[in-house]
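Spelled out from the first residue to the last, the chains are:
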Amino acid sequence: MCCIKCIHQKNGEQKTKMLLLKALNELDISQSQAGIMRPGLNAILGPTGSGKSSFLDVLAARKDPAGLSGEVLINGALQPPNFKCLSGYVVQDDIVMGTLTVRENLCFSAALRLSSQISPREKEARVNHLISELALNKVADAKVGTQLIRGISGGERKRTSIGMELIIDPSVLFLDEPTTGLDASTAYSVLLLLKRSVSKDMNVLQKYNILNTNISYLNGVFSNDIVGYACEAHNNPADFFLDIINGSSAAVNMTKIQNNGVLSTISELERITRAKDNNIKAKCHTITYTSSFFHQLRWVLWRTFWNLMLNPQTSVAQLAVTTLMAAIVGAIFYGVKDDQSGIQNRFGVLFFITTNQCFSTLSAAELFITERKLFIHEYTSGYYRVSVYFLSKILSDIITQRTVPTILFTCVVYFMIGLKPTVAAFFIFMLTVILVSCAAVSMTMAISADQSVVAVANIFMTISFIFMMIFSGLLVNLKSIMDWLSWLKYLSIPRYGLEALEINEFVGLKFCGNVSAVMSSPAADILMCTGEQHLTFQGIDYSSWGLWHNHIALTLMTLIFLIIAYIKLRFIPKFS
C-alpha cells in the first residue's frame, strides 16, 4: 500500500496539484490532506497540464527532490532510498533497443536486474514465461524495429516495454500513459494485460489523459463507494469528469459534502502516520545494483556491439564511405614523385588526412545524445553503472568506428600514394592516424556529452576543429604567429598529427636528384633538396623525441577529453 502525505512541488508561482485517490479535487496542502493507493490497478486522471506526470514521477522517486516536501510511505514506512530500482517504470515513449529482438531485450533486462544468485537457466525460464504471459510468442525472435528496420507493432512494442519492467516482479509498477498512440483494440488489450498481470500484492499506478480513457471505466472509478461522484444521465461524462478534477462544479461540491469516503481516508492516513517509525530519517535517492561491474560490462558491451553491427547506417555505410574516400584521395595524389612537386603533394595529403580524421568524428556527437533517454531510464532503474555505459560506448566506438575504418583507410591510401616504402614508416603512419582519430573523437564526446541537440554540439565541434586546423602548420607558418597567439598551437590535434606524419615521411628523402648539380644552379636558394630542409623551414624538430612527443601529446589529450566526457555524463540531470 502506498500512502502520500502533503506532497507539493514549487516551480516559480506554480504548484503541482495532488490528486486524492487519483480522481479527487486539488488538495489544500494547509489541511494536510493526502491519499492512499492500495494493491491493484490505480490511475492518475486529469486534463493536459494538470500535473499528472510530475505527480507520477514524485511517487516513483524519479523527480528531483529539490523543492519537494512531504512524504511517500510504502506499507507505512518511508520510501527506501533505492525505491526506483525495486519498482518498475514504463515510460510513455517505449524506450527499447530497436535493433534487438523481443527476447534479447527481455534477456538483457533479466541479466542485469535479477539477482546474481539466480542461475542463467532460471532467468531464461522467467523470460520464456513472461513472453507467454505477454502473448509475444509469435514475435519473440523478431526485431523491435527502428526507423531503418521494420519491426513489431505498436501494441507488441508496448507489451515488450511492460515486460522489461515485469521481469523483476516489482511490488509497484508505474506506467506513463500506457495507451497513448494505440488504437482502441490495442489499448484495451494492454489494459487487460495489466489487469491479468497484477498479483494480489502488486500496486499498478497508471497516468492517463482523461479524454483518452474509456468512459465506462471512468464511471466505475468515480462512482465507487470511496470516491462517490456519480454522473447523472443528462450530463456529458467527459465534461463531468473534468469538473470533478478541476473542482469547478456545484454538483461536485454537493456530492463531496454528502460523501464520507474522504473522511474515512483521512482517518486511515492519520492512523498510518501515528504508526510510522519517526526515528527513520528520509534518505537521498540512491541506485543499487544486483550484479557486478564486469557482469554489467559484458552485457552492455554485447548489446552495444550488436546494435552497431545490426545498424547498417553505422556499420556498412561507415566502411563504404571510408573505402570510397581512401580511393579518391589515393587517386588524386597517386604516385607522388621525389621532386619539388612531391614536397607539396606530400605536405598537402598529410594535412588532408589529419584534418579529415578530425571532421569525420563529428558522427560521434550522436553517441550519447540519441540514447540519452534510454541511458537515463536504465541507469535510474539500476541496470548498470555510469562507468559501465561510458566504457562500453568508448570501446565500441573506438574499435568499430575509428580503428577498423582507419586501418582500412591507411592500407588503401598509403600504397596508392606511394609514401615511404618501409615497414616501420607504414605502422608509424597508421598509429599516428589512429591516435588523431581517438583524440578528435574524445573531444567530440567531451563537447556533446551534456548536450541534448546534435546540431548544437556539431556547431561547437566544427568551430573547434576549424581553429585547430588553422594552427596545424599548413595554412600559416607557426613560427610567424605572434607570441600572444602562438600558445594556441598546443591545443591543436591536427598539428600533432601533421608533425608526426611529416617527420615519419620526410626524414631521409631527397627531392633534387643530383644534389651537387642542383646546388650550383641559380635556383639553388629556393629549392629544398632534402626532407630535413622542409622540416626545418616548418620549425619542426625531427629528432626521435620530436616524433614521439606528438604521440604522447595525442594520448594525453585523449585521456583528458575522456575524463571530461565521463564527468559530464556522470553529472547530467537524471531526474525529470
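Calculation notes
- Residues numbered from 1 in each chain as written.
- Predicted model: local features only at pLDDT ≥ 70, side-chain atom pairs only at ≥ 80, totals over all residues.
- Heavy atoms only, no water.
- UniProt positions renumbered as here; feature names shortened; annotations may be inferred.
- Helix = DSSP H or I, 4+ residues; strand = E, 2+ residues; numbered from the N terminus.
- Contact = heavy atoms within 4.5 Å.
- Buried < 20%, exposed > 50% of the residue type's maximum accessible area, 1.4 Å probe, protein only.
- pLDDT = per-residue confidence, 0-100.
- Phe/Tyr/Trp six-rings, centres within 6.5 Å; stacked < 30°, edge-to-face > 60°.
- Lys NZ or Arg CZ within 6 Å of the ring centre and 35° of its normal.
- Core = buried A, V, L, I, M, F, W, Y, C linked by side-chain atoms within 4.5 Å.

As recorded in an unreviewed UniProt entry, the protein goes by the name Broad substrate specificity ATP-binding cassette transporter ABCG2, listed as coming from Cyprinus carpio. Quoted straight from UniProt, the Subunit (unreviewed entry) entry for the protein says "Homodimer; disulfide-linked. The minimal functional unit is a homodimer, but the major oligomeric form in plasma membrane is a homotetramer with possibility of higher order oligomerization up to homododecamers." Taken verbatim from the UniProt record of the protein, the Sequence similarities (unreviewed entry) comment is "Belongs to the ABC transporter superfamily. ABCG family. Eye pigment precursor importer (TC 3.A.1.204) subfamily."

Caption draft 1: Representation of the environment of G88 within the structure. Checked against the element boundaries, G88 lands in strand 7 (residues 88-90). Spatially, the C-alpha atoms of G88 and D169 are 8.3 Å apart, while their sequence positions differ by 81 residues. If we ignore the near neighbours within four places in the chain, the residues touching G88 are E165, P170, V172, L173 and F174.

Caption draft 2: Quick look at the environment of I44. When you line up the elements, I44 lands in strand 4 (residues 40-46). Classification of I44 by relative accessible area gives buried; the value is 0%. Taking the C-alpha atoms as reference points, I44 and E177, separated by 133 residues in sequence, lie 9.5 Å from one another.

Caption draft 3: Up close: the confidence of the model for the protein. Chain-level pLDDT for the protein is 79 on average; 79% of the residues reach the 70-or-more range. In the model of the protein, strand 2 (residues 14-15) stands out as the element of lowest mean pLDDT, 35, in contrast to helix 3 (residues 102-113), which has the highest, 94. Note on residues 10-33: pLDDT is under 50 here. Beyond four places in sequence and across chains, it has 63 contacts.

Caption draft 4: Local environment of the UniProt feature "transmembrane region" (unreviewed entry) in the protein. UniProt marks residues 316-336, 399-417, 423-441, 453-476 and 547-567 with the feature "transmembrane region" (unreviewed entry), using the numbering shown here. Taken end to end, residues 399-417 is 100% helix and 0% strand, and its first and last C-alpha atoms sit 26 Å apart. A distance of 32 Å separates the end C-alpha atoms of residues 547-567, which is 100% helix and 0% strand.

Caption draft 5: Spatial organisation of the packing of aromatic side chains. If you walk through the whole model with that rule in mind, you get 18 aromatic pairs. Here F108 and Y383 contribute two aromatic rings whose centre-to-centre distance is 6.0 Å and whose plane-to-plane angle is 20 degrees, an arrangement assigned as stacked. Note that F108 is positioned in helix 3 and Y383 in the loop between helix 15 (372-380) and helix 16 (386-417), a separation of 275 residues in sequence. These aromatic residues form a ring-pair network of at least three members: F108, F368, F375, Y379, Y383, Y384, Y389, F390 and Y566. The ring of F108 carries the charged tip of R303 above its face, separated from the ring centre by 4.1 Å. One residue, R570, lies across the ring of F571, its end atom 5.8 Å from the ring centre.

Caption draft 6: Expanded view of the side chain of H377. Assignment of secondary structure puts H377 in helix 15. Residue H377 is classed as buried on the basis of its relative accessible area, which comes to 9%. Discounting chain neighbours no more than four positions away, the residues touching H377 are R62, Y89, V91, I95 and E165.

Caption draft 7: Here's a closer look at the nonpolar core. Core analysis: the largest hydrophobic core is formed by 112 residues, its most contacted members being F375, Y384 and I493. With 17 residues, helix 17 (residues 423-448) is the largest single contributor of residues to this core. Apart from the residues within four sequence positions on either side, I493 is in contact with C358, V436, A439, A440, M443, M468, L554, M557 and F561. In this structure, A60, V91, L100 and V172 belong to the second largest nonpolar core, which totals 19 residues.

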